[in-house]
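Examination of the molecular architecture
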Amino acid sequence: MGLRFSMLLLLAAPLSAEVRDLKGFFQARCAVCHGADGSGRGPNGARLGGRNLTDARWLAKQQEAGLAASILKGRGAMPGFRRQISEAEARRLLTEVIPKGAKGKAAIPEAR
Ligand code: HEC
């Protein structure tokens, strides 16, 4: 299933408890570099060093499997998370938790 199709499904589906947990995981482990909204910026707008995950043009060119592999193995300055999450969870981070890039808006309602 492509990232874009998954995004459409997300709009229709309520978030499960498991996804809420993954949101907490994102806030705890990813937001330090990618921002609470995934934009790669902190609350004051400063760049945090992580890639902007809300960049729709970039996202459209990515494959879900490749991004999940990056999360698990690490990439560049990003550490790998394979000890903390499974591949299925990495994919759910990508399809259900990480911001979807529509006009730079975050898809993490609880983001602070
Ligand atoms: C220490 C800072 C840091 C943390 C923590 C971090 N990232 Fe990253 N992330 C980066 C950087 C830097 C890049 C760009 C890597 C590159 O392409 O060189 C990146 C890239 C990515 C990418 C794109 C990978 C690709 O193949 O292009 C995804 C997706 C991603 N991060 C998700 C996450 C998720 C999910 C978490 C939490 C589980 C996370 N990141 C935690 C710094 C971080």
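Residues numbered from 1 in each chain as written. Predicted model: local features only at pLDDT ≥ 70, side-chain atom pairs only at ≥ 80, totals over all residues.

Notes on the overall build of the chain
Looking only at helices and strands, the chain has 5 helices and 0 strands in total. Evaluated residue by residue, the chain yields a buried proportion of 24% over its 112 residues. Across the chain, contacts joining residues at least 24 apart in sequence account for 55% of those joining residues at least 6 apart. (Helix = DSSP H or I, 4+ residues; strand = E, 2+ residues; numbered from the N terminus. Buried ≥ 20, exposed ≤ 12 C-beta atoms within 10 Å, placed from the backbone. Contact = placed C-beta atoms within 7 Å.)

Considerations on the site of the ligand
Lining the immediate surroundings of the ligand are 19 residues, of which Cys30, Cys33, Ser70, Gly76 and Met78 lie closest. Within the residue set of the shell around the ligand, elements represented by two or more residues are α2 (17–34) and α4 (64–73). In terms of residue count, the dominant contributor to the shell around the ligand is α2 (5 residues). The residue makeup of the shell around the ligand, split by class, is 10 nonpolar, 6 polar and 3 charged. (Near = placed C-beta within 6 Å. Nonpolar A, V, L, I, M, F, W, Y, C, P; charged D, E, K, R; others polar.)

Some words on the packing of α2 against helix α5 (residues 87–97)
Remark: α2 packs on α5, axes separated minimally by 10 Å, with the N-to-C direction vectors making an angle of 90°. It follows that α2 is roughly perpendicular to α5 by the angle criterion. Where α2 approaches α5, its residues Val19, Leu22, Lys23 and Phe26 are matched on the opposing element by Glu89, Arg92, Leu93, Glu96 and Val97. Looking at side-chain class alone, the contact of α2 with α5 contains 5 nonpolar, no polar and 4 charged residues. (Axes fitted to C-alpha atoms, helices over the stretch in contact; angles between N-to-C directions. Parallel < 35°, antiparallel > 145°, perpendicular 65-115°, else oblique.)

Considering α5
In terms of residue burial, α5 counts as a mostly covered element, since 9 of its 11 residues are buried. All buried positions along α5 are accounted for by Glu89, Ala90, Arg91, Arg92, Leu93, Leu94, Thr95, Glu96 and Val97.

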